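# A structural walkthrough
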Amino acid sequence: MPLDPASGVHYAVQGQGQPLLIGLPLMASFTELFGSEMQPVLDGYLNRLTDRYRVLRVDYPSIGGSRDIAPEDLTADRVCADLLAVASAAGFDRFAYWGYSWGAAVGLQLAARTDRLTALVMGGWPPLGAPYAGILQATRLKQTNPEPSSMKVLRTKDQYRQWETWYTSMQGWPEAASVQRIACPKMVYFGGEGDLVEAGIPIRIASIILEHRDELLGQGWTVQEIAGQGHGVCMAPDLVVPPVRAFLDKVFS
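Residues numbered from 1 in each chain as written. Predicted model: local features only at pLDDT ≥ 70, side-chain atom pairs only at ≥ 80, totals over all residues. Heavy atoms only, no water.

### Thoughts on the layout of surface pockets
As a volume, the largest pocket reaches approximately 890 Å³. Counting only elements with at least two residues in the lining of the largest pocket, the list comes to helix H4 (102-113), helix H5 (132-141), helix H6 (148-151), helix H7 (161-170) and strand S8 (196-198). Per-element tally for the lining of the largest pocket: the top contributor is H5, with three residues. Each residue belonging to the lining of the largest pocket can be placed in one class, and the counts come to 21 nonpolar, seven polar and four charged. (1 Å grid on protein atoms, 1.4 Å probe; cavity = no way out; pocket = protein on both sides within 12 Å on 5 of 7 lines; lining within 4 Å. Points joined across faces, edges and corners; volume = space filled by probe spheres on them. Helix = DSSP H or I, 4+ residues; strand = E, 2+ residues; numbered from the N terminus. Nonpolar A, V, L, I, M, F, W, Y, C, P; charged D, E, K, R; others polar.)

### Details of the packing of helix H3 (residues 76-89) against H4
Where H3 meets H4, the axes come as close as 10 Å, and the angle between the chain directions of the two elements is 80°. In terms of their interaxial angle, H3 and H4 are classed as roughly perpendicular. Together, Ala76, Asp77, Val79, Cys80, Leu83 and Leu84 of H3 and Trp102, Val106, Gln109, Leu110 and Arg113 of H4 make up the contact between the two elements. Residues belonging to the contact of H3 with H4 are distributed by class as follows: eight nonpolar, one polar and two charged. (Axes fitted to C-alpha atoms, helices over the stretch in contact; angles between N-to-C directions. Parallel < 35°, antiparallel > 145°, perpendicular 65-115°, else oblique. Contact = heavy atoms within 4.5 Å.)

### Some details on the environment of Leu128
Tracing the chain through its elements places Leu128 in the loop between strand S6 (117-123) and H5. On the basis of relative accessible area, Leu128 is assigned to the buried category, the value being 3%. The spatial distance from the C-alpha of Leu128 to the C-alpha of Thr156 is 32 Å, given a sequence separation of 28 residues. (Buried < 20%, exposed > 50% of the residue type's maximum accessible area, 1.4 Å probe, protein only.)

### Observations concerning the environment of Thr165
Among the structural elements, Thr165 can be located in helix H7. Considering only alpha carbons, one finds Thr165 and Leu248, 83 residues apart in sequence, at a separation of 32 Å.

### Observations regarding the nonpolar core
A general tendency of soluble globular proteins is for nonpolar side chains to be buried together. Within the largest apolar cluster, 89 residues are counted, with the highest numbers of intra-cluster contacts made by Trp98, Trp102, Trp166 and Leu248. The contact partners of Leu248, leaving out residues within four places of it in the chain, are Leu20, Tyr53, Ala96, Ala119 and Val121. (Core = buried A, V, L, I, M, F, W, Y, C linked by side-chain atoms within 4.5 Å.)

### Considerations on the state of the cysteines
The tally for this structure, following the rule as stated, stands at zero disulfides. A disulfide-free cysteine, Cys80 has its sulfur positioned 13 Å from the sulfur of Cys184, the nearest such atom. You can call Cys80 buried: its relative accessible area is 4%. (Disulfide = S-S within 2.5 Å.)

### Focus on the pattern of salt bridges
One pass over the full model with this rule turns up 13 salt bridges. Here Arg113 makes a salt bridge to Asp77, at a shortest N to O gap of 2.4 Å. Highlighted residues: Arg113 in helix H4 and Asp77 in helix H3, separated in sequence by 36 residues. Arg161 is the salt-bridge partner of Asp158, the closest N and O atoms lying 2.7 Å from each other. Put simply, Asp51, Arg52, Arg245 and Asp249 are held in one network by salt bridges that share partners. (Salt bridge = Lys/Arg side-chain N within 4 Å of Asp/Glu carboxyl O.)

### Thoughts on H7
Those residues of H7 not exposed but buried are Gln162, Trp163, Thr165, Trp166, Tyr167 and Met170. Where the residues of H7 are buried, they touch H3, H4 and H5. Just downstream of H7 lies Gly172, where phi reads positive at about 85°.

### Concerning H4
With 12 residues, H4 extends 17 Å between its outermost C-alpha atoms, agreeing within 8% with the 16 Å of an ideal straight helix rising 1.5 Å per residue. Burial analysis of H4 places 10 of its 12 residues in the buried class, the great majority of the element. Of all the positions in H4, only Trp102, Gly103, Ala104, Ala105, Val106, Gly107, Leu108, Gln109, Leu110 and Ala111 are classed as buried. (Expected span 1.5 Å × (residues − 1).)

### Topic: the pairing of strand S4 (residues 53-58)
Of all six residues that make up S4, five are buried, and the element is covered over most of its length. Of the pairings in the sheet, the one linking strand S3 (residues 18-22) to S4 comprises five bridges and is parallel in character. Bridging from a neighbouring strand, Leu21 pairs with Leu56 of S4. (Pairing = 2+ DSSP bridges.)

### Observations regarding the side chain of Gln143
With respect to the secondary-structure elements, Gln143 resides in the loop between H5 and H6. Taking the relative accessible area as the measure of exposure, Gln143 reaches 16% and is therefore buried. A distance of 3.5 Å separates a polar atom in the side chain of Gln143 from a polar atom in the side chain of Glu164. Among all residues touching Gln143, those that are not within four sequence positions of it are Tyr160, Arg161 and Glu164. (Polar contact = N/O pair within 3.5 Å; in protein donor to acceptor, adjacent residues only side chain to side chain.)

These figures capture arrangement, not role.
What follows is the structure, encoded as structure tokens:
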């Protein structure tokens, strides 16, 4: 797998057809980080996509084969610049973007900052009313003892500070005006039971999306609830890929 010298991002490209960048949690070194027992999850995505989509996966941020980023540098500006650079390195001029949770929040920033996106798919993160302040507070509380799931992909505990940098850079972002200006086709999906509690802080995700459903539909979003599923629905490609694939196929028909 190649390394983009500009961004230091290690990446992999598979399939043919429409360019599609998939962000976290489907990184380039997915099975190396999560173990071979997770290969069916990766296959469940790629086998349902690569016949029509050229899928770009990245080790980002500072995971797998990618170079380190200082935790204090992981601002929204830096993240967007890095992902646009690695997309260019992979030969993607304009491309669809699909991310989940933090990866979805990143996609929202990309869509608000560049005209290179042909479509945006967000999973497990609200486009409107997102709990940026709450998750920043939770991130600060978890600094000294990150959860094991985070340490499975991060290199050191100190690296966890990057999330504080990211969410701090989001405070004061003009969300409503920025989201309203996004012109590309856009979709949000979520597990119906996908609200979280992080470090004792309620992080409402599914309920916020539901509260804003009518507003999102009015702005042209496709809104897909996956009933009975929690925030971990991203690891069930049999549930999430078919509706996303249907949306993308319609966009590129």
